[in-house]
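Observations on chain architecture
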Amino acid sequence: MTDALKILIQQCRNGDLPYQALIERVPYANFLGIEVIAQGEELVFVLPKNETNVGNPTLPALHGGAVAGFMEQSAVIFLLLHMGEPRVPKTIDFTVDYLRAGHYKDTYAQCRVTRLGRRVANVQISAWQTRQSEPITIARAHFLLSEETARVE
Amino acid sequence: MNTQHTNISRLEICRRFVASVRHSTELKLDVLDANESSVKVFMPYQDAIVGNPETQVLHGGAIFALMDQSGGLAGACAIYPEFEITPTIDMRVDHIRAPEIGYGVLCQAECYRLTQHVVFVRMNVFEERNPKNLVATGVATYMRMKLPGANKVVS
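Here's what I pulled together on the structure shown here. Bear in mind the structure is a predicted one, so any value in this text is a computation, not a measurement. (Residues numbered from 1 in each chain as written. Chains lettered and ligands numbered in written order. Predicted model: local features only at pLDDT ≥ 70, side-chain atom pairs only at ≥ 80, totals over all residues. Heavy atoms only, no water.)

Attention now goes to the interface of chain B and chain A. At the junction of the two partners, chain B supplies 34 residues and chain A supplies 37 residues. Between chain B and chain A, roughly 2800 Å² of surface is buried when both sides are summed, and carbon and sulfur atoms account for 58% of that area. Here chain B and chain A share 3 salt bridges between them. In this structure, Glu54 of chain B and Arg87 of chain A form a salt bridge, with 2.8 Å as the shortest nitrogen-oxygen distance. At the junction of chain B and chain A, the tally comes to 20 residue pairs in polar contact (both at pLDDT 80 or more). For the side of chain B that touches chain A, the elements supplying multiple residues, two or more each, are α2 (22-26), β3 (50-52), α3 (60-79) and β5 (88-95) of chain B. In terms of residue count, β5 of chain B provides more of the side of chain B that touches chain A than any other element does, 8 residues in total. Residue composition of the side of chain B that touches chain A, by class: 14 nonpolar, 12 polar and 8 charged. Across 5 bridges, the pairing between strand β5 (residues 90-98) of chain A and β5 of chain B is antiparallel. In the sheet register, Thr95 of chain A faces β5 of chain B, and the bridge partner there is Arg92 of chain B. (Contact = heavy atoms within 4.5 Å. Buried area = accessible area lost by both parts, 1.4 Å probe. Salt bridge = Lys/Arg side-chain N within 4 Å of Asp/Glu carboxyl O. Polar contact = N/O pair within 3.5 Å; in protein donor to acceptor, adjacent residues only side chain to side chain. Helix = DSSP H or I, 4+ residues; strand = E, 2+ residues; numbered from the N terminus. Nonpolar A, V, L, I, M, F, W, Y, C, P; charged D, E, K, R; others polar. Pairing = 2+ DSSP bridges.)

A separate point is the environment of Val153 of chain B. Examined against the element boundaries, Val153 of chain B turns out to sit in the segment after β8 (134-143). Judged by its relative accessible area of 15%, Val153 of chain B falls in the buried class. On a C-alpha basis, the gap between Val153 of chain B and Glu54 of chain B in space is 40 Å, while along the polypeptide they are 99 residues apart. If near-sequence neighbours (up to four positions away) are discounted, Val153 of chain B is found in contact with Thr58 of chain A together with Arg16, Phe17, Ser20, Phe83 and Ile85 of chain B. (Buried < 20%, exposed > 50% of the residue type's maximum accessible area, 1.4 Å probe, protein only.)

With that settled, consider the side chain of Glu84 of chain B. Structurally, the position occupied by Glu84 of chain B is in the loop between α3 and β5. Here the side chain of Glu84 of chain B touches Arg144 of chain B through a polar contact of 2.8 Å, side chain to side chain.

All names here are of chain A. One pass over the structure, following the stated rule, counts 5 aromatic pairs over all chains. Relative to Phe31, the ring of Tyr28 has its centre 5.9 Å away and its plane inclined at 25°; by these criteria the two rings are stacked. Within this pair, Tyr28 and its partner Phe31 are both found in helix α3 (residues 27-32), separated by 3 residues, close to a single helical turn. Given the relative accessible area of 0%, Tyr28 is considered buried. (Phe/Tyr/Trp six-rings, centres within 6.5 Å; stacked < 30°, edge-to-face > 60°.)

Now for a nonpolar patch on the surface. Residues Ile92, Val120 and Leu144 of chain A make up a contiguous nonpolar surface patch of about 180 Å² in total accessible area. Within the secondary structure, Leu144 of chain A is located in strand β8 (residues 135-144). (Patch = residues over 30% accessible without salt bridge, like charges linked within 9 Å, V, L, I, M, F, W, Y side chains within 5 Å. Areas by Shrake-Rupley, 256 points an atom, 1.4 Å probe, with all protein chains shown as cover.)

This part covers the sheet that holds β8 of chain B. Spatially, 12 strands are ordered β1(A)-β2(A)-β6(A)-β7(A)-β8(A)-β5(A)-β5(B)-β8(B)-β7(B)-β6(B)-β2(B)-β1(B) in an open sheet, and the strand pairing comes out antiparallel. In the strand order of this sheet, the two ends are held by β1 (35-39) of chain A together with β1 (30-34) of chain B, each with one partner. On average, each strand axis in the sheet is tilted by 20° relative to the strand beside it, whichever way the strands run. Sheet topology places β1 of chain A next to strand β2 (residues 42-47) of chain A; 5 bridges connect them, and they run antiparallel. Directly across from Ile37 of chain A, in β2 of chain A, lies its bridge partner Val44 of chain A. Sitting on the sheet, helix α1 (residues 10-20) of chain B is in contact with β1 and β2 (38-43) of chain B, with an inclination near 160° to β1 of chain B. Each of β5 of chain A together with β1, β2, β5, β6 (105-114), β7 (118-127) and β8 of chain B is contacted by α3 of chain B, which is oriented at about 40° to β6 of chain B, the strand it contacts most. (Axes fitted to C-alpha atoms, helices over the stretch in contact; angles between N-to-C directions.)

To characterise two packed helices, one gives the angle between the axes of the helices and the distance between these axes. Here helix α4 (residues 64-82) of chain A crosses α3 of chain B at 155°, and the two axes come no closer than 8 Å. As far as their axial angle goes, α3 of chain B and α4 of chain A are roughly antiparallel. Viewed along their axes, α4 of chain A and α3 of chain B form a crossing whose handedness is right-handed. Across the interface between the two elements, Gly64, Gly65, Ala68, Gly69 and Glu72 of chain A from α4 of chain A touch Gly60, Gly61, Phe64, Ala65 and Asp68 of chain B from α3 of chain B. By residue class, the composition of the contact of α4 of chain A with α3 of chain B is 3 nonpolar, 5 polar and 2 charged. (Parallel < 35°, antiparallel > 145°, perpendicular 65-115°, else oblique. Left-handed = near helix turned anticlockwise from the far one by under 90°.)

The next thing to look at is the pattern of salt bridges. What the rule picks out here adds up to 11 salt bridges over all chains. The partner of Arg131 of chain A in a salt bridge is Glu134 of chain A, and the shortest N-O contact between them spans 3.2 Å. Judged by its relative accessible area of 44%, Arg131 of chain A falls in the partly exposed class. A network of salt bridges, in which partner residues are shared, links Asp3 and Arg87 of chain A together with Glu54 of chain B.

Here it is, written out as structure tokens:
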């Protein structure tokens, strides 16, 4: 395994490269069209309205799988940029509750790390369209962290 | 309104439905088999859906989307010959192992309980070349919407 990605992540974290540079290195993030906005210390992920993510053509509505994939990818990027993870964490499990229809428009997501353990991170993700207080989906996931960053607590 | 499709097989309905779902066509999902309450769906390997550029392993999100779609199809099979729109209520996926790099995955989804309002589904994902190797397992529930005209999607 090379250190190219690790170096890129470090450059993004240091502010030498825009966060989007990391997203551009991940094929699936590009496939969905994910963007990331930094608001001070906060990271907001965006899934821009894109017809390739449509699930229900009649409504039209976003594909639940695309929204879930967006949330999972957001959590991975969040761990890399904000939590000092140098390697792409592996998803152990991912649980999604669909609360409202995902309309065919821009979708936003924010992540919160509930617990960062030695090997496992528990992350909660919330996605919304109109206002943050009305999420369309909420998710929680466990990620396996690399040995390299195993934190000593 | 006639919402039945007795003259169209379950497999054909599943294929027509998937063809109408843009995101699933982007994932190149292929319905291989459809039975009374279960389906088998194949998702080929694509460079575009790699989640880790260091290992080239498929993204968990793409596997999640495959499972979500397959679960909905399993529900459609159980509801057949009616056709309904069934949005996902919730779904949990456990990622057991990373699938073999360069090869696709197979999802088997089964509707194990159908009630008046809710579809209960379990799904397993296996490696393309080694179908005994479990990649992911999941469980989901879907809502039966019973919207008039839903069958237009597949007719």
